[in-house]
Amino acid sequence: MVRDPRVPASANDTFLDMLEGYFCRSEEQKQAEARPDLAYQVGVTPAGVEMPRCVVEPEACKQQLARLQPEQQPTLPTGPDAKWRYMWRVGPRPESTQYAELNAEPVIPQGIPQWYAVMDDWGSKLLGALGPHRLAATGSDLQQHGQQGTVLAGYHYDLNFITIHGRSRFPGLSVWLADGRRLPVSIPPGCLLCQAGKQLEWLTGGHVQAGMHEVLVTDATVASIAAAKAAGRSTWRVSSTVFSHIASDQLLQPLGHFAQQPGAAQRYPATPAGLQSTSVAARAGVSAERIGQLYRYVLSGFVLLDPTAAELAALAADPAVAQITQGATYKASSDVSSKFLGLQGPGANGAGAAWDLVGADPAQTGATDAGERIVIGVLDTGIVPEAPSFSDRVGLGAAGPMAYTKLPARVFNGSSCALQEGAQPGPCRDISGHGTHVASVAAGNWGVQVTGLPKTWPQSAITISGVAPRARIAVYKVLWGTEGTGQEADLLAALDDAVKDGVDVINFSLGRTPDAGGSMRRPLDKALLQAVRAGVFIAAAAGNNGPGTAENALP
């Protein structure tokens, strides 16, 4: 327990008054501030969402409780917490981070003009007593959940570095000391209670354990409810809790002499703080090295390598998990011609065809503008970058510099990648020809002379052109081998990165294999829909099979 003159009781009261007023709003009104797509890391978290640690990890909880004396046992919850929570980031946000949900813009409720100032002021005062980062006020409706013995926040520890508890107007908080004793807490005005979180346990290799606590309606809580009703005050129990975090992109691992303790590195492997503190994988007890991919833009999810039955059960019980799916295989599909699309030849009602209207043919307009300022992301077998269709030396008939992508791209991982302009092809080189083919169909230069034709074919004046000759292309290699097959997990990673990179169009000349089935509820289908919602045009092949059935029913 600490007392800091910079944290006056009056500031605590101002904060509690405002939060009581907010939590008194109707459930429908408060839902406007919920951001489940950001894992509730900003805005409001409704009651019934947060799961106590003993519900998520029942076996680990039983082992811990077996060490406690009967009189020190917590009241075990059987379902989610009854409390609401409001998450408010305090302090500067990093300019660049791979944990966008932890650093999202704040959510401000309508009709409370002082919200930003009060939240920042109280959060900063608490942090000034210790360190950065997230004000996480909770609200429990004691009019509805005020019966003695009701669990408002089940027995749990926090995932952050240090938790700072401010005073509440209703008692009920209990903490467990290192020796196993349960201690009801009463925080005096002007004081704060500081408790270790999981990140501190991680950094000390378990020498300092994350502190367990619960919030329960006790005799003292019931008496405070009666007093509040008699005085005409709100009966919402508001806590002023701050989660102090290690920066989300920093690596958590035992430090100094703690790293030398036997088994410390195995129990607390090097893990990004953002993953440790937000991922549902952490709640299921999954270690970071078994996370194959993380998706943040077209999906909120991850790939779990070699899951156990217990992990799958824990994930299925987590209300933040919408779907668990076994990955599928996809394969290359073909495309259609520019004539079929009506890009050249006579247009409708006597008007020019699409290429004539946008100026793709330099012989007619003196310019090749079709696709200018457009970036096409090609998810396929890679590319042969020196092909004339991708040369910036338009009309010279020779391969120019590798200018086939204008994005700040990078190699993503061992199984999906994009090439940066001027970089060596490396693992993204196309060995099957399919990716090069579809990329040239989408954005190959205008009027490229065809070479290598059979002798029986005409040998002159045969040229090919892409649909959008002046578009830029970004290559994401997701299909491998001469047959061009790839895994759904890698396609999702490439799609996630393409949307983040800012492509305008995605060329998706891929079809399903039998293990992908015909469902439209696969993760890849949902990700394509989210890409469309993000403003990306998806050009997907219907497939090579038929007639009668398309392999791709979406988007």
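Structural data are supplied above this passage.
Thresholds, definitions, all that
Residues numbered from 1 in each chain as written. Predicted model: local features only at pLDDT ≥ 70, side-chain atom pairs only at ≥ 80, totals over all residues. Heavy atoms only, no water. Helix = DSSP H or I, 4+ residues; strand = E, 2+ residues; numbered from the N terminus. Buried < 20%, exposed > 50% of the residue type's maximum accessible area, 1.4 Å probe, protein only. Contact = heavy atoms within 4.5 Å. Areas by Shrake-Rupley, 256 points an atom, 1.4 Å probe, with all protein chains shown as cover. Axes fitted to C-alpha atoms, helices over the stretch in contact; angles between N-to-C directions. Parallel < 35°, antiparallel > 145°, perpendicular 65-115°, else oblique. Nonpolar A, V, L, I, M, F, W, Y, C, P; charged D, E, K, R; others polar. Pairing = 2+ DSSP bridges. Arc of directions from axis to C-beta. Core = buried A, V, L, I, M, F, W, Y, C linked by side-chain atoms within 4.5 Å.

Draft legend 1. Examining the overall build of the protein more closely. Counting its regular elements, the protein contains 17 helices and 25 strands. Relative to its full complement of 555 residues, the protein shows a buried share of 50%. Contacts in the protein between residues far apart in sequence, at least 24 positions, make up 73% of those at least 6 positions apart. A total accessible area of about 25700 Å² is found for the protein, and carbon and sulfur atoms account for 55% of it.

Draft legend 2. Spotlight on the packing of helix α16 (residues 488-501) against helix α17 (residues 523-533). It is at 10 Å that the axes of α16 and α17 come closest, and there the two elements cross at 10°. Taken together, α16 and α17 sit at an angle that is classed as roughly parallel. Here α16 contributes E488, L491, L492, L495 and V499 to the contact with α17, which in turn contributes P523, L524, A527, L528 and A531. Partitioning the contact of α16 with α17 into residue classes produces nine nonpolar, no polar and one charged.

Draft legend 3. Summary view of the sheet that holds strand β25 (residues 537-540). Reading across the sheet, the four strands line up as β21-β18-β23-β25 and stay open at both edges, with parallel pairing between neighbours. Across the chains shown, the open sheet's two edge strands, defined by having one partner strand only, are β21 (472-477) and β25. Sheet twist, expressed as the average angle between the axes of neighbouring strands with direction ignored, equals 20°. As paired strands, strand β18 (residues 375-380) and strand β23 (residues 505-508) are joined by three bridges and run parallel to one another. If you follow I376 over to β23, its bridge partner there is V505. Of the strands in this sheet, β18, β21 and β23 touch α16, which is tilted by about 155° from β21.

Draft legend 4. Structural detail: helix α12 (residues 309-317). Along α12, the residues classified as buried are E311, A314 and L315. Take α12 and look down its axis: the buried residues cluster within an arc of 100°, on one side only. Along α12, the residues that are exposed and aim more than 90 degrees away from the buried face are A309, A310 and A316.

Draft legend 5. Representation of the pairing of strand β16 (residues 301-304) within the structure. Where strand β15 (residues 291-295) meets β16, three bridges bridge the pair, whose relative direction is antiparallel. Within β16, the position partnered with Y295 by the bridge is G301. Turn length for the β15-β16 hairpin, with the two strands adjacent in sequence and antiparallel, is five residues.

Draft legend 6. Structural view of the sheet that holds strand β17 (residues 329-332). Read from one edge of the open sheet, three strands run β22-β17-β24, paired in antiparallel fashion. Here the strands that pair on one side only, and so sit at the sheet edges, are β22 (485-487) and β24 (510-512). Neighbour to neighbour, the strand axes of the sheet diverge by 35° on average, direction disregarded. Of the pairings in the sheet, the one linking β17 to β22 comprises three bridges and is antiparallel in character. Within β22, the residue paired with T329 across the bridge is Q487. The strands touched by α16 are β17, β22 and β24; relative to β22, the strand with the most contacts, the crossing angle is about 80°.

Draft legend 7. Representation of the nonpolar core within the structure. Residues F15, L19, Y86, W115, M119 and L135 are the most contacted members of the largest nonpolar core, which totals 30 residues. Residue assignment for this core shows that the elements contributing at least two residues are α1 (9-23), β3 (84-89), α5 (115-128), β4 (134-141) and β11 (236-239). A total of seven residues in this core trace back to one element, the largest contributor, which is α1. In contact with L135, not counting residues within four places along its chain, are F15, Y86, M87, W88, V90, M119, W122, G123, L126, T241 and V242.

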